[in-house]
Amino acid sequence: MNLKPYKTLLALGIPIVIGQIGVIVLGFVDTLMIGHHSTNELAAASFVNNMFNLAIIFCTGFSYGLTPIVGSLFGQQKCNAVGQILKNSLAANTLLAILVCSIMYILYSNLHRLGQPEELLPFIRPYFIVLLISLPFILWFNAFKQFTDGITDTKTSMWILLGGNVFNIIGNYILIYGKVGFPELGLLGAGISTLASRILMAAVYWVLFLYSKRYQTFRQGFTKGKINKQDFRLLNKLGWPIAGQMGMETASFSLSAIMVGWLGSAELATYQIMTAVSQVCFMVYYGMGAAVSVRISNFFGQRDMENIRRISHIGFHIILIMGVCTCIPIYLLRHDIGGWFTDNATVSAMVVQTIIPFLLYQFGDGLQINFANALRGISDVRFMMVYAFIAYFIISLPLSYFFGFICNWGIVGIWMAFPFGLTSAGIMYYLRFKYKLKQLSH
């Protein structure tokens, strides 16, 4: 068995995974600090974070349209073209930021209509506004991250993410609890710290790109290149389907969070804890999935179909191993996890029950992440939105309501729908990739 392709993919993917783990740690620390400040603030954070996760994942999906373009151009050594496409991507992400911020503000204006517990609204509103201000900085960071990942420089984004997360955690401690002379701001303090870290990470990427020797060859194309219709059209052709696919997946979780809110504050706090736990697996899988996309796009630029097929299988093998390594400790610690985040015994008991459906969907989640990224690598994204709509809106969401409310299984029933949605998405992406690769080989 030739292990070299596994080592090459791991060398590319591990820095992305480490960066993603940094995001996971930040999510855990956020939830821990907020949960121990008050259960109501934890429930409010659950609601707002789920709404913004939808917006952020949608925007991140749009930025992923840049990766296969950069990867393919880089595989052909067209550095000036890479710089120009980055410039157009930053412009496109700015326009998207304006659109998404406008939509999220409309949502903010109608928070009172979403059926959430009345006692949570005073915590939800200010936290929502601060996160809204941070959205454009996420989009600019995403554009630079997809550029550096596409040229196989995955370590830069890793260090920026880790540094930003450390800054955020320190800011959380100071502002949530009111340390070193600052007022005790609770959940709002967590939001302000998040905003400051996102501004910092985007600024660091700008400075590195403008002044680092590593990016000198790409800066020439960036400086001389023009914002043009052709590049915009290509970015939109790839970006919107990916954004739609990822947005629908996240929407199934975010809309499920609204259903959970109908059950009560304890269930919503449980949902926030389980979301933090689920991100452990998701982010690890997605880090390796991003490496699969980059590697496949490099080979796609060279029209090397055999290596494209090989990388897709190797990526899935690695993700499966990662799944086993993360799920075993989560299962063994299921009785302790709730207590890490809150002193509420009811919430901790609900977490134990919800761990089972969470474990059931890990195979499907790994499958859909790997082959969605494989499809992105070969720029075949047109049908992904259709498959996502079927998996998440036709299958997952109706089952969430059925299991949760018709069968009266509560929050466990809502989570029980996710294995059906994620696995069906993974099967459809796999079949599409297999069909497309067969077409390209002839």
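**Student:** Explain the packing of aromatic side chains to me, using residue names and the numbers behind them.
**Tutor:** The tally for this structure, following the rule as stated, stands at 39 aromatic pairs. Taking the centre distance of 5.1 Å and the plane angle of 75 degrees together, the rings of phenylalanine 371 and tyrosine 430 count as edge-to-face. One end of the pair, phenylalanine 371, is in helix H14 (residues 362–377); the other, tyrosine 430, is in helix H17 (residues 418–441), and 59 residues separate them in sequence. Judged by its relative accessible area of 3%, phenylalanine 371 falls in the buried class. Cation over ring: lysine 87 sits above phenylalanine 222, and NZ or CZ is 5.8 Å from the ring centre. For the cation-ring pair, arginine 303 lies above phenylalanine 300, with the distance from its terminal atom to the ring centre recorded as 4.3 Å.

**Student:** So what about the side chain of serine 424? Which residues, and what values?
**Tutor:** You can see serine 424 is positioned in helix H17. We classify serine 424 as buried; its relative accessible area is 15%. Of note is the side chain of serine 424, whose polar atom sits 2.9 Å from the backbone oxygen of phenylalanine 420. With near-sequence residues (within four places) excluded, serine 424 lies in contact with Ala391 and Ile395.

**Student:** Could you give me a rundown of unusual backbone geometry, with the residues and numbers involved?
**Tutor:** One non-glycine residue, glutamine 77, adopts positive backbone phi at about 60 degrees. Within the fold, glutamine 77 resides in the loop between helix H3 (66–75) and helix H4 (79–109). Residue serine 379 is not a glycine yet carries a positive backbone phi of 60 degrees. Residue position: serine 379 is located in the loop between H14 and helix H15 (384–406). Exposure remark for serine 379: the relative accessible area of 31% places this residue in the partly exposed category.

**Student:** Lay out the pattern of salt bridges in plain terms, naming residues and giving numbers.
**Tutor:** Enumeration over the complete set of coordinates arrives at five salt bridges. For arginine 309, the salt bridge is made with glutamate 306, and the minimal N-O distance between the two is 3.3 Å. Linking arginine 309 with glutamate 306, this pair stays in helix H11 (residues 305–332), spanning three residues, or about one helical turn. What makes arginine 309 partly exposed here is its relative accessible area of 29%. We classify glutamate 306 as partly exposed; its relative accessible area is 44%. Its salt-bridge partner being arginine 310, residue glutamate 306 comes within 3.8 Å of it at the nearest N-O pair. Pair noted here: glutamate 306 and arginine 310 are both in helix H11, with a separation of four residues, about one helical turn. A cluster of three or more residues bridged by salt bridges with shared partners is formed by Glu306, Arg309 and Arg310.

**Student:** So what about H3? Which residues, and what values?
**Tutor:** Counting buried positions over the ten residues of H3 gives eight, a clear majority of the element. Every buried residue belonging to H3 is among Leu66, Thr67, Pro68, Ile69, Val70, Gly71, Ser72 and Leu73, and all of these are buried. Buried residues along H3 sit in contact with helix H2 (39–63), H4, helix H5 (121–150), helix H9 (229–263), helix H10 (265–301) and H14. Two residues or fewer after H3 comes glutamine 77, characterised by a positive phi angle close to 60 degrees.

**Student:** Give a detailed account of a nonpolar patch on the surface, specifying residues and quantitative values.
**Tutor:** Together, Val324, Ile328, Tyr331, Leu332, Leu333, Trp340, Ile356 and Leu360 make up a nonpolar patch on the protein surface, roughly 750 Å² of accessible area in all. Elements represented by at least two residues in the nonpolar patch include exactly H11 and helix H13 (345–360). Here the element with the most residues in the nonpolar patch is H11; it accounts for four residues. Following the sequence through the fold, valine 324 ends up in helix H11.

Reading the values: the criteria
- Residues numbered from 1 in each chain as written.
- Predicted model: local features only at pLDDT ≥ 70, side-chain atom pairs only at ≥ 80, totals over all residues.
- Heavy atoms only, no water.
- Phe/Tyr/Trp six-rings, centres within 6.5 Å; stacked < 30°, edge-to-face > 60°.
- Helix = DSSP H or I, 4+ residues; strand = E, 2+ residues; numbered from the N terminus.
- Buried < 20%, exposed > 50% of the residue type's maximum accessible area, 1.4 Å probe, protein only.
- Lys NZ or Arg CZ within 6 Å of the ring centre and 35° of its normal.
- Polar contact = N/O pair within 3.5 Å; in protein donor to acceptor, adjacent residues only side chain to side chain.
- Contact = heavy atoms within 4.5 Å.
- Salt bridge = Lys/Arg side-chain N within 4 Å of Asp/Glu carboxyl O.
- Patch = residues over 30% accessible without salt bridge, like charges linked within 9 Å, V, L, I, M, F, W, Y side chains within 5 Å.
- Areas by Shrake-Rupley, 256 points an atom, 1.4 Å probe, with all protein chains shown as cover.

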